[in-house]
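Okay, here's what each chain looks like letter by letter:
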Amino acid sequence: MGRFRERLRYVTSRTAVIGAGLAGLSCARVMRRAGHYVEVFEADRIIGGRMATMRIGLVPYDHGAQYLSGRSTRFRDFIQELTASGYVAPWTPQVKSGDGKEAATVPNWHVGVPGMSSIVRPLAESVRIHTGQAVHTISRDHKGWHIWFEDQSTVGPFAAVAICVPAPRAQLLLGPLEEMSDHLSRARMSPCWALMVRLDERILPDQDVYSDMSEVIRWIARNNTKPGRSTRGETVVVHAAPSWSRETEDADPEVVAEEMWGEVSHIFGLPPVRPSQMTAHLWKHGLVESSLGESFVFSTDDLVGVAGDWCLGRLAEHAFESGFSLGRAITQALD
Ligand SMILES: Cc1cc2nc3c(=O)[nH]c(=O)nc-3n(C[C@H](O)[C@H](O)[C@H](O)COP(=O)(O)OP(=O)(O)OC[C@H]3O[C@@H](n4cnc5c(N)ncnc54)[C@H](O)[C@@H]3O)c2cc1C
């Protein structure tokens, strides 16, 4: 057993999670259920990360993850738990892909109700969450781990730290643990522009979802066809293709919004209608290009670990599984 860990056995079982996305909150729940005192630190003002719903005025848009699809038993059980408590409902949209074909099968998808951000809510229960706290670095002394924020304030000591943020950010936070940080460079993430559009009238063709439409547009969804959304007018979420998003990531969001809507209008041959609302948002580390191929990374000597979708794959399910497994590893190490 490492000397650092040996000393900590008698200090505290207070643990810290950095990042309140699906991975961080799934990790926090496992540790909380095992009896640890868990504190979560989130840079944003709200929790959920890419499991997000943005309100522009009164209009909600799911501008990050679009739906859940469960492959593992554990994630399917989680979806069932959410469905039973009303946080999630099935969505069976009409789907068409860029080659003009309608999907052969009706997808078995689930969405958060009233928005995708609802999905993380039950995970946040009985965990202490600090929002608006961007972590700058972590450091340790003989008492344990300390967390430093961008305003140079600090909290601690913690017996263990779970870093549950996108891979490039995790590398920065792991500063003192060079070997672990280098190991993460195998994972690659790409940016993704999300365009949110409000139309007073329905002008898109009949399908609810269109995928792989052009070199610019990867996804178009009629957000208002999801259960629990308002049906007045049309709210549309468009995602740009990763390569186009990378080429334009430094561009002005207003210019990007015009270009993306121009492309959608061209694809469908729409009349020149001006949307009543149109906003582009960049997910800087939005989509996983190549994952690490491991559920999580954890040092039992240092009691620091990392988790996120990028450890295992590119979906919400991977974030949930990765966070869960890291939470279990930390719990076992502290027992
Ligand atoms: C456009 C888009 C569409 C998608 N569509 C789907 C889909 O349809 N289905 C699906 O299953 N998945 C989809 N995904 C993927 C899914 O959203 C992710 O797999 C999942 O949400 C990742 O969760 P996470 O906890 O690993 O990371 P995140 O959700 O990114 O959470 C990380 C959290 O850490 C916080 N953070 C970062 N740095 C710091 C710091 N220094 N200090 C404190 N906090 C910090 C962030 O603010 C964030 O809240 C989509 C993603 C995007 C971007």
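In case you missed it, the structure is sitting above this.
Residues numbered from 1 in each chain as written. Predicted model: local features only at pLDDT ≥ 70, side-chain atom pairs only at ≥ 80, totals over all residues. Heavy atoms only, no water.

A. Quick look at the sheet that holds strand E17 (residues 277-290). As summarised here, the arrangement of the 6 strands in space is E6-E14-E15-E16-E13-E17, forming an open sheet in which the pairing is mixed. Each end of this open sheet is capped by a strand with a single partner; those strands are strand E6 (95-97) and E17. Pairwise comparison of adjacent strand axes, ignoring direction, gives a mean angle of 20 degrees for this sheet. Note: strand E14 (residues 209-211) against strand E15 (residues 217-222), 3 bridges, orientation antiparallel. Across the sheet, residue Ser 211 finds its bridge partner in E15, namely Trp 219. Strands in contact with helix H7 (residues 253-268) are strand E13 (188-199), E14, E15, strand E16 (234-240) and E17; relative to E13, the strand with the most contacts, it is inclined by about 70 degrees. (Pairing = 2+ DSSP bridges. Helix = DSSP H or I, 4+ residues; strand = E, 2+ residues; numbered from the N terminus. Axes fitted to C-alpha atoms, helices over the stretch in contact; angles between N-to-C directions. Contact = heavy atoms within 4.5 Å.)

B. Examining the sheet that holds strand E2 (residues 37-41) more closely. With mixed pairing, the 6 strands of this open sheet are ordered in space as E8-E2-E1-E12-E19-E18. The sheet is open, and its two borders are formed by strand E8 (128-130) and strand E18 (297-299), each paired with just one other strand. Adjacent strand axes in the sheet meet at a mean angle of 15 degrees when their direction is disregarded. Sheet topology places E18 next to strand E19 (residues 304-306); 3 bridges connect them, and they run antiparallel. Looking at the pairing, Val 297 lines up with Val 306 of E19.

C. Seen up close, the pattern of salt bridges. In this structure the tally under the stated criterion is 15 salt bridges. Measuring nitrogen to oxygen at the nearest pair gives 2.9 Å for the salt bridge that ties Glu 321 to Arg 74. One end of the pair, Glu 321, is in helix H9 (residues 316-334); the other, Arg 74, is in helix H3 (residues 73-84), with 247 residues separating them in the sequence. According to the relative accessible area criterion, Glu 321 is buried, its value standing at 11%. (Salt bridge = Lys/Arg side-chain N within 4 Å of Asp/Glu carboxyl O. Buried < 20%, exposed > 50% of the residue type's maximum accessible area, 1.4 Å probe, protein only.)

D. Structural context of the environment of Val 237. Within the secondary structure, Val 237 sits in strand E16. For the pair Val 237 and Thr 279, spaced 42 residues apart in sequence, the C-alpha to C-alpha distance is 9.9 Å.

E. Structural view of the nonpolar core. Core analysis: the biggest nonpolar cluster contains 42 residues, and Val 17, Leu 22 and Ile 119 have the highest contact counts within it. Those elements giving two or more residues to this core turn out to be helix H2 (22-33), E2, H3, strand E5 (88-91), strand E7 (109-112), strand E12 (160-163), E15 and H9. The element contributing the most residues to this core is H9, with 7 residues. Both domains that meet at this core, namely domain 1 (3-50 + 120-186 + 292-334) and domain 2 (54-114 + 188-289), each give it at least three residues. (Core = buried A, V, L, I, M, F, W, Y, C linked by side-chain atoms within 4.5 Å. Domains from an automatic or database assignment.)

F. Spotlight on H3. Taking 1.5 Å of rise per residue, 12 residues should cover 16 Å, and H3 covers 16 Å from first to last C-alpha, within 8% of that figure. Residues Phe 75, Phe 78, Ile 79 and Leu 82 constitute the buried set of H3. The buried residues of H3 all sit within an arc of 100 degrees when viewed along its axis, so they share a single face. Every exposed residue of H3 that faces more than 90 degrees away from the buried side is listed here: Thr 73, Gln 80 and Ala 84. Contacts from the buried residues of H3 go to H2, E5, E7 and H9. Just beyond H3, the residue with positive phi is Gly 86, at close to 80 degrees. (Expected span 1.5 Å × (residues − 1). Arc of directions from axis to C-beta.)

G. Main features of the side chain of Ser 26. Along the chain, Ser 26 turns up in helix H2. Ser 26 gets classed as buried once you look at its relative accessible area, which sits at 2%. Of note is the side chain of Ser 26, whose polar atom sits 3.0 Å from the backbone nitrogen of Phe 324. Filtering out sequence-adjacent residues up to four positions away, Ser 26 remains in contact with Leu 123, Phe 320, Gly 323 and Phe 324. (Polar contact = N/O pair within 3.5 Å; in protein donor to acceptor, adjacent residues only side chain to side chain.)

H. Local environment of the site of the ligand. Residues in close proximity to the ligand total 34 residues, the closest being Glu 42, Arg 50, Tyr 67, Asp 309 and Ala 316. Within the backbone of Val 135, a nitrogen or oxygen atom sits 2.9 Å from a nitrogen atom of the ligand. Ala 316 places a main-chain nitrogen or oxygen 2.9 Å from an oxygen atom of the ligand. The fraction of the free accessible surface of the ligand (1000 Å²) that becomes covered by protein chains is 93%. Elements represented by at least two residues in the shell around the ligand include exactly H2, E17 and H9. At 3 residues, E17 tops the list of elements feeding residues into the shell around the ligand. When the residues that make up the shell around the ligand are grouped by side-chain class, the tally is 19 nonpolar, 10 polar and 5 charged. The residue makeup of the shell around the ligand includes at least three contributed by each of domain 1 (3-50 + 120-186 + 292-334) and domain 2 (54-114 + 188-289). (Near = heavy atom within 4 Å. Areas by Shrake-Rupley, 256 points an atom, 1.4 Å probe, with all protein chains shown as cover. Nonpolar A, V, L, I, M, F, W, Y, C, P; charged D, E, K, R; others polar.)

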